[in-house]
Amino acid sequence: MLPRHLQSVGSRYIARAGHPCFSCTSRDFSRCPWWTAHCPQTLYPPISGWRPREYGRPYPFISNQRPALLEPPSFPWPSLLPWIPSQSSWLHTSGYNMDSTGDEPYRKRRKSQEGDGQGKKLWPKRSYPPSSDFSVPSTTDTSGLPVPASTQPVVKGEASDVTGQLSIAARRKWEDFSHLYSNSSGIRWARRWFDFSVMSYNILSQDLLEDNSSLYDHCRRPLLFWNYRLPNILRELREFNADILCLQEVQEDHYQQQIKPSLEALGYSCEYKSRTGSKPDGCAICFKSDKFSLVLAKPVEYFRRNIALLDRDNVGLVLMLQPKTWKEATAICVANTHLLYNPRRGDIKLAQLAILLAEITRVAQVQDGKFCPIILCGDFNSVPGSPLHKFIKEGSLDYEGMTIGKVSGQEQSYRGQRILSIPIWPKSLGITQQCVYESREEKREEGELKEAARKQMEAQREEVSKGDESSLQHHFCLSSVYSHVFPDTGMPEITTCHSKSAITVDYIFYSAARNDVFSQPGGAVHCNGLQLLGRLSLLTERDLWSVNGLPNETNSSDHLSLLARFRLEL
Ligand code: KL2
């Protein structure tokens, strides 16, 4: 509940659906009381111009596209702050707004924003409660997150929201599989092991939130302010205390100024890869520096100037991390990515994935064609059971005759769509259908072949391997931490939920040990495997809408975090 003297102010924040301004109910955002020109006391950064250089590459603000989600320089109502740190030395929350561009190349962006969007609407627009009902749980109510047994537990009472519903934190349970790796007398098989936890979390960049504001019509506007969301996100990261964080949609200025310093204060080392082009977000991998040392960091760009298919600015990041407490152990390869969103462009998603797999192959190979343990996290913008998801899990994909929109499974209708070309990406990318880089020797030899001989060879190859050409393979045996449906009800698990969609698009894949609970048939032949010790359960769409969908008062992204704990045995 807002304090009485602020209730009238609060009502201005509850904007009407579809209204251009996030901060008031005026039809014209330039009349908004929070707009700089109308509120000379507030000191906002410039609305148009260039991003200051110290925040990385300068980005043009496109001020006539949409207004930034203006918020007061400091959050106006302390009582609405999601979390007030008792020891705030690690929390860096100074914030400001910026503007940017969307996911598509510029010429396509308009079309994409006009309805090239996600499938059918799953949930009706909500009407907002009267301002007097506008309140969030007190700071003590926002705790109660389930925490894996072996991270420092911060388990408090069960959290409930204003309507008495259990909050997301209270509904998510830690599912423990560790007992499956002991013999009947409870003794572990291996004498030495290394346990660690991994979180994958798309934290919803403020820029993308503002670019796709219609997806958040169901949210009360103050909950969408970055100054409101950031402490919630940091609290979640702090309380789960994962050893490795794979974050997506990390806006570069927020990363540099707030997220990185906050995580460093919690004992993490952080690596970041910004998207190419003018996009202001990127992927980060942060790891506990007392647990791992960094062997190698490989930022991965999917954009290729001379390849029309690869004209998007998505990226990935691959790290090789050495367990510090166990020097003889092989390093662990951790990859993080956010693949293209566009539901119709499965061809681009597959090519982006192939580049990432080729990079992993290059860095994770140890000896005799074997690989070190691999963790592949991220937002793949593809649903469980889709061809892209199956390709990751099964290691091969026969795509002959497949329409490009079918690849990610985000949409049901594929009418009028192209089928995937064979091969999907041109040879000039230098990546084979096995998702590995062509070796330099191979390239040189090919260059030395006479033109006629080369043509003859290619014709022969085409003849013989027509079948193989329309199939992709990769070398890893990857299992998914999550099952994607709840076994008792058959309901799908949801990782992202907003007013237009509620699906799984986020995953933690890992190379499973032979005796792992979810090992693939034939797994761990090429990889040193990991055992899944436990995971933080996901929720159903119904669960999420019962707490107002995402983002809400306590969960400030439109994705849930994914969390798993692994064991590496000697
Ligand atoms: O689905 V996402 O949200 O993993 O949560 O990934 C993309 C989308 C992200 C990066 O491009 O921005 C969101 N309709 C809905 N969401 C969109 C759109 C769109 N047209 N464009 C980008 N995103």
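Residues numbered from 1 in each chain as written. Predicted model: local features only at pLDDT ≥ 70, side-chain atom pairs only at ≥ 80, totals over all residues. Heavy atoms only, no water.

J.: Explain the sheet that holds strand 8 (residues 332–338) to me, and be specific about the residues and the numbers.
T.: The six strands are arranged 6-7-8-9-15-12 in an open sheet whose pairing can be described as mixed. The open sheet has two free edges, formed respectively by strand 6 (292–301) and strand 12 (478–480), since each of these has just one partner strand. On average, adjacent strands in this sheet sit at an angle of 20° to one another, irrespective of strand direction. As paired strands, strand 8 and strand 9 (residues 374–379) are joined by six bridges and run parallel to one another. Considered in strand 9, the bridge of Val334 is made with Ile375. (Pairing = 2+ DSSP bridges. Helix = DSSP H or I, 4+ residues; strand = E, 2+ residues; numbered from the N terminus. Axes fitted to C-alpha atoms, helices over the stretch in contact; angles between N-to-C directions.)

J.: Explain the pairing of strand 7 (residues 315–323) residue by residue, including any values.
T.: The side chains of a regular strand alternate between the sheet's two faces. Along strand 7, nine of the nine residues are buried, which leaves the element largely enclosed by surrounding structure. Neither face of strand 7 is left uncovered, since the one carrying Val315, Leu317, Leu319, Leu321 and Pro323 and the one carrying Gly316, Val318, Met320 and Gln322 both have all their residues buried. Strand direction decides the pairing type here: strand 6 and strand 7, joined by nine bridges, are antiparallel. In the sheet register, Val300 faces strand 7, and the bridge partner there is Gly316. (Buried < 20%, exposed > 50% of the residue type's maximum accessible area, 1.4 Å probe, protein only.)

J.: Report on the packing of helix 5 (residues 226–240) against helix 6 (residues 252–265), specifying residues and quantitative values.
T.: Look at helix 5 against helix 6: their axes get within 11 Å of each other, and the N-to-C directions meet at 30°. The pairing of helix 5 with helix 6 is recorded here as roughly parallel in orientation. When you trace helix 5 past helix 6, the crossing you get is right-handed. Contact with helix 5, carried on its side by Trp226, Leu230, Leu234 and Leu237, involves His254, Gln258, Ile259, Ser262 and Leu263 of helix 6 and no other residues of that element. When its residues are assigned to classes, the contact of helix 5 with helix 6 shows six nonpolar, three polar and no charged. (Parallel < 35°, antiparallel > 145°, perpendicular 65-115°, else oblique. Left-handed = near helix turned anticlockwise from the far one by under 90°. Contact = heavy atoms within 4.5 Å. Nonpolar A, V, L, I, M, F, W, Y, C, P; charged D, E, K, R; others polar.)

J.: Explain the sheet that holds strand 16 (residues 531–536) to me, using residue names and the numbers behind them.
T.: Spatially, seven strands are ordered 1-16-17-2-3-5-4 in an open sheet, and the strand pairing comes out mixed. The open sheet is flanked by strand 1 (174–176) and strand 4 (268–274), the only strands paired with a single partner. When strand polarity is set aside, the average angle formed by the axes of neighbouring strands in this sheet is 20°. By the bridge criterion, three bridges tie strand 1 to strand 16 in an arrangement that is antiparallel. Bridging from a neighbouring strand, Asp176 pairs with Gly534 of strand 16. Sheet contacts for helix 6: strand 3 (244–251), strand 4 and strand 5 (281–288); angle to strand 4, the most-contacted strand, approximately 165°.

J.: Explain the nonpolar core residue by residue, including any values.
T.: With 68 residues, the main nonpolar core has Phe196, Ile244 and Phe566 as its most contacted residues. A per-element tally of this core places helix 5 first, with six residues. Excluding its chain neighbours within four sequence positions, the residues that come into contact with Phe196 are Asp243, Ile244, Lys291, Phe292, Ile332, Ile375, Leu530, Ala564, Arg565 and Phe566. Within the second largest apolar cluster, 48 residues are counted, among which are Tyr302, Cys333, Leu353 and Ile424. (Core = buried A, V, L, I, M, F, W, Y, C linked by side-chain atoms within 4.5 Å.)

J.: Describe the packing of aromatic side chains, naming the residues involved and giving the relevant values.
T.: A full pass over the atoms with the stated rule returns 10 aromatic pairs. Residues Phe380 and Tyr507 carry aromatic rings whose centres are separated by 5.9 Å and whose planes lie at 65° to one another, so their mutual orientation is edge-to-face. Of this pair, Phe380 sits in the loop between strand 9 and helix 8 (387–394) while Tyr507 sits in strand 15 (residues 506–511), placing them 127 residues apart in sequence. Its relative accessible area of 1% is what places Phe380 among the buried residues. Judged by its relative accessible area of 1%, Tyr507 falls in the buried class. (Phe/Tyr/Trp six-rings, centres within 6.5 Å; stacked < 30°, edge-to-face > 60°.)

J.: Now, about the pairing of strand 3: what can you tell me, with residues and values included?
T.: Of all eight residues in strand 3, eight are buried, a share of seventy percent or more. Alignment of strand 2 (residues 193–202) against strand 3, held across five bridges, turns out to be parallel. For Tyr201, the partnering residue across the bridge sits in strand 3 and is Leu247. Relative to strand 5, strand 3 is paired through six bridges, and the arrangement is antiparallel.

J.: With reference to specific residues and values, describe helix 7 (residues 346–364).
T.: With 19 residues, helix 7 ought to run about 27 Å at 1.5 Å a step, and its terminal C-alpha atoms sit 26 Å apart, in line with that. Burial runs high along helix 7: 18 of the 19 residues are buried. (Expected span 1.5 Å × (residues − 1).)

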